[in-house]
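Examination of the molecular architecture
The primary structure of each chain is shown beneath.
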Amino acid sequence: MPGGYCGTLLEVDLTEGTVKKCPMPEEKVLRTWIGGAGLGVHLLCQNIRRDAKAFDPDTPIIIMTGPLTGTKAPSSSDWKVITLNPWLEYHPVCSQGHGHFGARLKHAGYDGIIIRGKASNPVYLWIDDEQVELRDASKYWGLDTFETQRTIAVDHKDI
């Protein structure tokens, strides 16, 4: 897909336990809502109920990369999380992250993830290029973030 995008989003429904691949919006939208933050706000508006609250299970949490994510451009490791602000009703919030996650998501072939719903049990999203699935995370429940990351890496022989 032209313009620095892979062309694919992941839609995760935690309530149903499903993951599906969806196409990115058309080029006109990508040119109007530039980058991870702009496109994320657009997708939030397209995927939300008028009366939605931040903690409603069907209110999406959107993780987006931008067209430069995963390239050699400065600050190209950026990625965004977009959802509703719990303290300001009907107001979107966009948080920014850095590190390997954005580039690895992009290199796996995905521009972003739209997450909604509520899982009945702890789960995690496993992405290994074309293989994408929700997996049981009960084993990791209660571990701190460093121990969780280490244990998952050991379990998948990815150390």
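It should be noted that the structure appears before, not after, this text.
The notes below deal with the structure included here.

Attention now moves to the overall build of the chain. Looking only at helices and strands, the chain has 4 helices and 8 strands in total. Scaling as 2.2 N^0.38, a compact globule of 159 residues should have a C-alpha radius of gyration of about 15 Å, and the chain matches this with 16 Å. Considering only C-alpha atoms, the chain reaches an extent of 45 × 40 × 25 Å along its principal axes. With 159 residues in all, the chain has 36% of them scored as buried. Long-range pairs, those at least 24 residues apart, make up 50% of the contacts in the chain between residues at least 6 apart in sequence. Working note: accessible area of the chain is about 9800 Å², and carbon and sulfur atoms make up 56% of it. Averaged over its 17 positive side-chain charges, the chain has a centre that lies 3 Å from the centre of its 20 negative ones.

Before going further, it helps to examine the pattern of salt bridges. The tally for this structure, following the rule as stated, stands at 10 salt bridges. Note that Lys21 and Glu130 form a salt bridge whose closest N and O atoms lie 3.0 Å from each other. With Lys21 in strand β2 (residues 18-23) and Glu130 in the loop between β7 (123-128) and β8 (131-136), the pair connects residues that are 109 residues apart, well separated along the chain. Under the relative-accessibility criterion, Lys21 is labelled partly exposed at 40%. Look at the salt bridges and you will find they share partners, linking Arg49, Asp51, Asp56 and Asp58 into a network.

Rules used throughout
- Residues numbered from 1 in each chain as written.
- Predicted model: local features only at pLDDT ≥ 70, side-chain atom pairs only at ≥ 80, totals over all residues.
- Heavy atoms only, no water.
- Helix = DSSP H or I, 4+ residues; strand = E, 2+ residues; numbered from the N terminus.
- Rg over C-alpha atoms; globule rule 2.2 N^0.38 Å.
- Buried < 20%, exposed > 50% of the residue type's maximum accessible area, 1.4 Å probe, protein only.
- Contact = heavy atoms within 4.5 Å.
- Areas by Shrake-Rupley, 256 points an atom, 1.4 Å probe, with all protein chains shown as cover.
- Lys, Arg positive; Asp, Glu negative; His and termini not counted.
- Charge placed at Lys NZ, Arg CZ, Asp CG, Glu CD.
- Salt bridge = Lys/Arg side-chain N within 4 Å of Asp/Glu carboxyl O.

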